[in-house]
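What follows is each chain in one-letter form.
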Amino acid sequence: MPNIEILLPKLQTNSFAYSLPQNIQANKGDFVQVTFRKQEFVGIVWQEYSEYLDQEKIKPVLKRYDLPPLKKELMEFVDWVAEYTMNAPGSILKMVIPIQSVFKEKSLSKFIPIEPASIVPASSINLSEEQQVAVNKLKEPLDNKDHKVLVLEGVTGSGKTEVYFELIEQVLKEKSGQVLILLPEISLTSQLIQRITKRFGIEPARWHSDLTDKEKRNTWLNIAYGGARLIVGARSALFLPYSDLRLIIIDEEHDSSFKQEEGVTYQARDMAVVRAYIEKIPIILSSATPSLETIYNVNKKKYELVTLASRFGEATLPTSVIVDMKGDNARKKKFISAELVDELKDVLEQGKQAILFLNRRGYAPLTLCGECGYRFACPNCSTWLVEHRSLSCHQCHQCGYSVNFKSKCPTCHKENSFVPCGPGVERIEEEVKYTFPDARTILMTRDTVNSIQAVENIINQILDGKVDIIIGTQMIAKGHHFPKITLVGIIDADLGLLGGDLRAAERTYQLLSQVSGRAGREKDKGKVVIQTFNPENPIIQSLVTGERRSFLEQEIMGRKMVHMPPFGKLASIVISGFNDEKVAEFARFLVKISPVSNTISVLGPVPALISRIKNKFRYRILVKAERNISIQKYINYWLDGVKAPGSIKLKVDIDPYNFF
Ligand SMILES: [Zn+2]
Ligand SMILES: [Zn+2]
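Right, let's walk through the structure included here. As the structure is a computational prediction, the values presented were derived from the model and not from experiment.

1. Here we look at the sheet that holds strand 14 (residues 304-308)
Then step 1. Pairing is parallel across the open sheet formed by seven strands, whose spatial order is 8-9-7-10-13-6-14. Pairing within the sheet leaves two strands with one partner each, and these edge strands are strand 8 (205-207) and strand 14. Pairs of neighbouring strands in the sheet enclose a mean axial angle of 20°, with direction left out of account.
Then step 2. Relative to strand 10 (residues 245-251), strand 7 (residues 178-182) runs parallel, the two being bridged by five bridges. Among the inter-strand pairings, Val179 is bridged to a residue of strand 10, identified as Leu247.
Then step 3. Here helix 7 (residues 213-225) sits on the sheet and contacts strand 7, strand 8 and strand 9 (230-233); the angle it forms with strand 8, its principal contact strand, is near 115°.

This is the structure:
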């Protein structure tokens, strides 16, 4: 019996040798059943030949499944991502085959795949001249079946979606072929799906964590057989076994939610570019505020830029004003400035809608005792507890620990001595209700809106005009199209700037311009009020002038000077464990044994920004390399044979986004 290599969808595993009995025919990419540690698994024939010799120990393949084999492009992609993110290929295959229940004999025999068929659009719209020019440019690589990375940059409300719908139409009109649209957050799916249904007369396939096992199974199979032609999904949809992928669209490409932080850490946008390259298909990165990395690649002529400079139809861009929160406004001890209150009055009188944006959940980020100074802190993390009045508790946003409200201070035992410090969205809502008792308000945060259904309900309430003032976190900043919103008030524009990491300024700029873009998306002119303590800050200034390019050029210069991405490469190594001293000692030991290099520097260790989470102490080492150096090879060489003692964990994150 010949030996073959089988890869199992199992965390941190490489392929294993199995023997292929004569009565089973299986080629590279085929789905087969094997036993592994006495459990049955479905795996993929990764190599048709294995050098492993010990016939005594080797187990036979049990059967082959009658399923379309994994394409060689996808197998190549799995290997590529594994190497790049420094994970074993089994961890990546787990994302390709996320559900084992697909292969239950009963469900497989009952499943009838949808036949791929051409789809005729249900409606069309008249594109503006600018949009038509963009469509023509974007269509080129699709016509030529070429790989190309196209950046679709359009101001908010310019109709980017309509432009990429034209390309989707071109694929769907054919008899087969698939289009994947990746979204940064599943809360954005419902509005897009409504638009797709209206435009193409079909419901696209969905892929995200909210689906039931059965939905996942059917969608997975229809993707593998090619019957699912248009797929809308969160980042994990990138790894599915498309039978005939023709086009990938990354919506809101700048969004840092594309970075997966748990388990295998990867940047879905960047990995999508790689998949498109391997599949030899075009990919569109769409955004009103493309990321600095993307602009860099445009400047380097690696990506091609297509721009939409004006808003669609009668809409014009909103005007922005800065309100200085120092001086008079500070003395009034209100979170909403007099200027913003006046604007809100106008909105209410005219029967329009307003958004108040503050990227902070809960009522107050910190509560202390006015008598003795006691502060609510998390016992498991180095964080303060956030006061949530709606939930009557103080909660840790890192580990979820919470304590119910108390009326008595646990230290000095004084009654009702607690003072909330600073605002969260709940506190803004309280102030709105106090100032405008008749206004209808709604809170949009992860705490109040935690399912796709809940998002849909809120969106419909807003669209039906049942709400006057929407108060929310970044959840309201993204993608939504609400025609009646004419005012956006940014409560604390400085908040995101405090993050202090590489992308803090860029991210703040993107978030604030996204939320500003919610104003005046149709006939009525929009207005944006930006409250800040730093009116001179260049980011705040460029938001008002709309001179994004000059802000970006400054950022690019800044990163170039310190050799930070995209000018250099970065990896972060986080070492964590329960014993602070031992973790620190191991971290220092690692740095001490790091190989000396002219092109790579190892920085740290330093306690991570949040130095303790869930009782684990955390230290961070940063590895910085020149752009053309393989940072992975260096780390592999360095950590080869190093064993972390006991319960200490070591995690490598290539291209880190999160510096907590
Ligand atoms: Zn006290
Ligand atoms: Zn905690």
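2. Some thoughts on the coordination of the zinc ion (ligand 1)
Then step 1. The coordination sphere of the zinc ion (ligand 1) contains the protein donors Cys369 (SG), Cys372 (SG), Cys409 (SG) and Cys412 (SG), at a distance range of 2.3 to 2.4 Å.
Then step 2. Around the zinc ion (ligand 1) sit four donor atoms; with metal-centred angles ranging over 108 to 112°, the donor geometry is tetrahedral.
Then step 3. In this structure Cys369 comes out as buried when scored by relative accessible area, which is 2%.

3. With respect to the sheet that holds strand 20 (residues 402-404)
Then step 1. Read across the open sheet, the three strands follow the order 18-19-20; overall the sheet is antiparallel. Lying at the two open borders of the sheet, with one neighbouring strand each, are strand 18 (386-388) and strand 20. For this sheet, the mean inter-axis angle between neighbouring strands, taken without regard to orientation, is 25°.
Then step 2. In terms of strand pairing, strand 18 meets strand 19 (residues 393-395) through three bridges, oriented antiparallel. In the sheet register, Glu387 faces strand 19, and the bridge partner there is His394.

4. Some details on the coordination of the zinc ion (ligand 2)
Then step 1. The zinc ion (ligand 2) binds to the protein through Cys378 (SG), Cys381 (SG), Cys396 (SG) and Cys399 (SG), with metal-donor distances spanning 2.3 to 2.4 Å.
Then step 2. Of note is the zinc ion (ligand 2), whose four donor atoms meet at the metal with angles of 107 to 112° in an arrangement that counts as tetrahedral.
Then step 3. Sequence spacing among the residues donating to the zinc ion (ligand 2) works out to C-x2-C-x14-C-x2-C. Of the two residues, Cys378 is situated in the loop between strand 17 (366-369) and strand 18 and Cys396 in the loop between strand 19 and strand 20; the sequence distance between them amounts to 18 residues. Comparing Cys378 with Cys396, the two get one shared label, buried.

5. Thoughts on empty space enclosed by the protein
Then step 1. Counted according to the given criterion, the structure contains two cavities of 30 Å³ or more.
Then step 2. In this structure, the largest cavity occupies an estimated 90 Å³ of space.
Then step 3. Residue lining of the largest cavity: His254, Ser256, Gln267, Arg269, Ser291, Glu293, Arg503, Glu506, Arg507, Gln510 and Tyr657, and that is the complete set.
Then step 4. Ranked by residue count, the leading element in the lining of the largest cavity is helix 14 (residues 504-516), at three residues.
Then step 5. Per-class residue counts for the lining of the largest cavity are one nonpolar, five polar and five charged.
Then step 6. Taken as a whole, the second largest cavity spans an internal volume of roughly 40 Å³.
Then step 7. Lining the second largest cavity are Tyr84, Thr85, Thr265, Tyr266, Gln267, Met271, Ile654 and Asp655.
Then step 8. Only helix 1 (72-85) and strand 12 (266-267) provide two or more residues apiece to the lining of the second largest cavity.

6. What to know about helix 2 (residues 89-96)
Then step 1. The element helix 2 is largely enclosed, with a buried count of seven among its eight residues.
Then step 2. All of the buried residues in helix 2 are Pro89, Gly90, Ser91, Ile92, Leu93, Met95 and Val96.
Then step 3. Contacts from the buried residues of helix 2 go to strand 1 (3-7), strand 4 (39-47), helix 1, helix 7 and strand 12.

7. Observations concerning the pairing of strand 3 (residues 31-36)
Within a regular strand, the side chains alternate between the two sheet faces.
Then step 1. Most of strand 3 sits inside the fold, with five of its six residues counted as buried.
Then step 2. With six bridges connecting them, strand 3 and strand 4 associate as antiparallel partners. Residue pairing in the sheet places Val32 in a bridge with Gly43 of strand 4.
Then step 3. Here strand 3 folds back onto strand 4 in antiparallel fashion, the turn holding two residues, of which Arg37 has a positive phi close to 45°.
Then step 4. Across two bridges, strand 3 lies against strand 5 (residues 63-64) in antiparallel orientation.

Conventions and cut-offs
- Residues numbered from 1 in each chain as written.
- Chains lettered and ligands numbered in written order.
- Predicted model: local features only at pLDDT ≥ 70, side-chain atom pairs only at ≥ 80, totals over all residues.
- Heavy atoms only, no water.
- Pairing = 2+ DSSP bridges.
- Helix = DSSP H or I, 4+ residues; strand = E, 2+ residues; numbered from the N terminus.
- Axes fitted to C-alpha atoms, helices over the stretch in contact; angles between N-to-C directions.
- Contact = heavy atoms within 4.5 Å.
- Donors = N, O, S within 2.8 Å, 3.2 Å for Na, K, Ca; no water.
- Tetrahedral: all angles 85-135°; square planar, octahedral: opposite > 155°, others 65-115°.
- Buried < 20%, exposed > 50% of the residue type's maximum accessible area, 1.4 Å probe, protein only.
- 1 Å grid on protein atoms, 1.4 Å probe; cavity = no way out; pocket = protein on both sides within 12 Å on 5 of 7 lines; lining within 4 Å.
- Points joined across faces, edges and corners; volume = space filled by probe spheres on them.
- Nonpolar A, V, L, I, M, F, W, Y, C, P; charged D, E, K, R; others polar.

So far we have only geometry, and geometry alone does not tell us how the molecule works.
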